[in-house]
Amino acid sequence: MTTERIVIGGGPRTGKSWLAQTYWTAGYDVYCGDPLSKVKDPIETVTYLPEGLAMEDESTRYIVDHWFSMPGPWICEGWIMARALRKWLH
């Protein structure tokens, strides 16, 4: 198993979740940048963003502090990942 960490960002309905699911079948942990209440078809094996975080600052800070700091292999997907990456890089 590799120690890869993959981040998938993009607009709505562009295939981010589908792509992340294919990696999950290869043994990656998958993290979604949306809270469970906002997901149309949740997947049991995916970890979703906790409920109640403010959409911009708190959500990106949570992703940076909790998900990006974990060793791989993992994949994070969601529209908010570009903002989280910018925060992580600064």
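Everything that follows concerns the structure shown earlier in this document.
Given the structure is predicted, the values throughout are model-derived calculations rather than measurements. (Residues numbered from 1 in each chain as written. Predicted model: local features only at pLDDT ≥ 70, side-chain atom pairs only at ≥ 80, totals over all residues. Heavy atoms only, no water.)

Caption draft 1: Up close: the overall build of the chain. Regarding its fold elements, the chain presents three helices and four strands. The N-to-C order of helical and strand elements in the chain reads β-α-β-β-α-β-α. For the chain, the C-alpha radius of gyration of 12 Å lies close to 12 Å, the compact-globule estimate for 90 residues. Overall, the chain is about 30 × 30 × 20 Å in size when its C-alpha atoms are taken along their principal axes. The buried share of the chain, reckoned over its 90 residues, is 31%. A fraction of 54% describes how many contacts in the chain between residues 6 or more apart in sequence connect residues 24 or more apart. As displayed, the chain offers around 5700 Å² of accessible surface, 55% of which is attributable to carbon and sulfur atoms. On the chain, the mean spot of the 9 positive side-chain charges and the mean spot of the 11 negative ones are 7 Å from each other. (Helix = DSSP H or I, 4+ residues; strand = E, 2+ residues; numbered from the N terminus. Rg over C-alpha atoms; globule rule 2.2 N^0.38 Å. Buried < 20%, exposed > 50% of the residue type's maximum accessible area, 1.4 Å probe, protein only. Contact = heavy atoms within 4.5 Å. Areas by Shrake-Rupley, 256 points an atom, 1.4 Å probe, with all protein chains shown as cover. Lys, Arg positive; Asp, Glu negative; His and termini not counted. Charge placed at Lys NZ, Arg CZ, Asp CG, Glu CD.)

Caption draft 2: Spotlight on the sheet that holds strand S4 (residues 74-77). Pairing within the open sheet is parallel, and its four strands lie in the order S1-S4-S2-S3. Each of the sheet's edge strands pairs with one partner strand only, and the pair in question is strand S1 (5-8) and strand S3 (47-49). When strand polarity is set aside, the average angle formed by the axes of neighbouring strands in this sheet is 20 degrees. The pairing of S1 with S4 spans four bridges and is parallel. From the neighbouring strand, Arg-5 faces S4, where its bridge partner is Trp-74. (Pairing = 2+ DSSP bridges. Axes fitted to C-alpha atoms, helices over the stretch in contact; angles between N-to-C directions.)

Caption draft 3: Expanded view of the pattern of salt bridges. Evaluated as defined, the whole model comprises two salt bridges. Here Asp-57 makes a salt bridge to Lys-87, at a shortest N to O gap of 3.3 Å. Within this pair, whereas Asp-57 is found in helix H2 (residues 57-67), its partner Lys-87 is found in helix H3 (residues 81-89), the two being separated by 30 residues in sequence. Exposure remark for Asp-57: the relative accessible area of 56% places this residue in the exposed category. Here Asp-65 ties to Arg-61 by a salt bridge, and the two come within 3.2 Å at their closest N and O atoms. Here Asp-65 pairs with Arg-61, and both are found in helix H2, just four residues apart, close to one helical turn. Looking at Asp-65, the relative accessible area reads 42%, which means it is partly exposed. (Salt bridge = Lys/Arg side-chain N within 4 Å of Asp/Glu carboxyl O.)

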